[in-house]
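# Per-entry structural report
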Amino acid sequence: LFLPNIGAQPEPPVRFDTNVQPLVYVVDTAARAELPALHVNLNQQVRTEIQAGNTSGINGLFGNDIVAIDANTAGTDVLVVSRGGNYVFRAKADANGALSLNAPNVIRFQTGNLPNGVVISRDSLRAYVNNEVNVSVTAMALDTNTVLTRDIPAGEVPRPGTFEHSVLVGRLAFFTALGIPDNGIFDTPIRDFIPLDFKGKASSNGWSSCGSC
């Protein structure tokens, strides 16, 4: 059993590069016991990616608020959702259950705004992510490591200028670890916000969000 955790630092001193950590714990379900030796801090692997110079675009983003996880039926291929980073990590688990992002060659899938759930298809060829703010689903091809469609509508979103739209914009601003524009935000359709275009505004390399602080 893989358990994603937002590892929030409980007491001072507050530093941006220590205050939030994306942790994955592992439990042996047969023995009903946690396996501390297999617990991982995904940021330690991202740091290796950054040291290798892989920082353009979606590359080099830290884990921030990891809020969901799923694996194939064999438990070897694992997807981890970064809510604040608007992406999904692809990880591999070895025979013991230790997770690796294959750093410095980390694979990420860019999603819609504020992803909060993921599921892998039974044949392990596709995966789908729920995007809370965009009221949409992102479809991904795991056989080619590509995003097929970022925003498949799962319902209607509020029109710009409405109170309900303003609430969604506020939620996005509060939970993104990337950023949103300074101006025109209440006139912009919610699915048109691309926080990755404002990388570095909310935190350095998507380290944390207002929500995780």
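Residues numbered from 1 in each chain as written. Predicted model: local features only at pLDDT ≥ 70, side-chain atom pairs only at ≥ 80, totals over all residues. Heavy atoms only, no water.

## Regarding the overall build of the protein
Quick reminder of the rule: Strands are runs of DSSP state E lasting at least 2 residues, helices are runs of H or I lasting at least 4, and numbering of each runs from the N terminus. As a reference, a globule follows 2.2 Å times the number of residues to the power 0.38, and the radius of gyration itself is taken over C-alpha atoms. A 1.4 Å probe rolled over the protein chains alone gives each residue an accessible area, and that area as a share of the maximum for its type sets the label: buried under 20%, exposed over 50%, partly exposed in between. The contact criterion used is simple: two residues touch if any of their non-hydrogen atoms lie within 4.5 Å. Under the convention used here, a 1.4 Å probe and the Shrake-Rupley method define accessible areas, while residue burial counts only the protein chains that appear. The charged-residue count follows a simple rule in which Lys and Arg add positive charge and Asp and Glu add negative charge, with His and chain termini not counted at all. By convention, charge coordinates are those of NZ in Lys, CZ in Arg, CG in Asp, or CD in Glu.
In terms of regular secondary structure, the protein is built from two helices and 13 strands. Over its C-alpha trace the protein gives a radius of gyration of 17 Å, about what one expects of a compact globule, namely 17 Å for 213 residues. Based on the C-alpha atoms only, the size of the protein along its principal axes is roughly 55 × 45 × 35 Å. The buried share of the protein, taken over its 213 residues, is 43%. Sequence separation of at least 24 residues holds for 47% of the intrachain contacts in the protein that already meet a minimum separation of 6. Per element, the accessible surface of the protein, about 10,200 Å² overall, is 52% carbon and sulfur. Distance from the positive charge centre (15 side chains) to the negative charge centre (19 side chains) of the protein: 2 Å.

## Things to note about the pairing of strand S7 (residues 87-93)
How we decide: Paired strands, in this sense, are two strands between which DSSP finds at least two bridges.
The element S7 is extensively covered by neighbouring structure, given that six of its seven residues are classed as buried. Sheet topology places strand S6 (residues 77-82) next to S7; six bridges connect them, and they run antiparallel. Within the sheet, the bridge partner assigned to Asp77 lies in S7 and is Lys92. A loop of four residues connects S6 with S7, the two strands running antiparallel in sequence, and Asn86 in this loop sits at a positive phi of about 55°. Relative to strand S9 (residues 107-110), S7 runs antiparallel, the two sharing four bridges. By the bridge assignment, Val88 is partnered in S9 with Phe109. With two bridges joining them, S7 and strand S8 (residues 99-100) adopt antiparallel strand pairing. Paired with Lys92 across the two strands is Ser100, which belongs to S8. The loop that links S7 with its antiparallel partner S8 comprises five residues; one of these, Gly97, has a positive phi angle of about 100°.

## Notes on the nonpolar core
Here is a general trend for soluble globular proteins: nonpolar side chains tend to be buried in one another's company. Short version of the rule: Put simply, a nonpolar core is a bunch of buried Ala, Val, Leu, Ile, Met, Phe, Trp, Tyr and Cys residues held in one set by side-chain atoms that sit within 4.5 Å of each other.
The biggest cluster of nonpolar side chains holds 24 residues, and the ones touching the most others in it are Phe2, Val24, Leu42, Val78, Phe89, Leu99 and Leu101. Of all the secondary-structure elements, those providing two or more residues to this core are strand S2 (20-28), helix H1 (42-51), S6 and S7. Counting residues per element, this core draws most heavily on S7, which supplies four residues. If sequence neighbours within four positions are ignored, Leu42 has contacts with Pro22, Val24, Ile66, Val80, Phe89 and Leu101.

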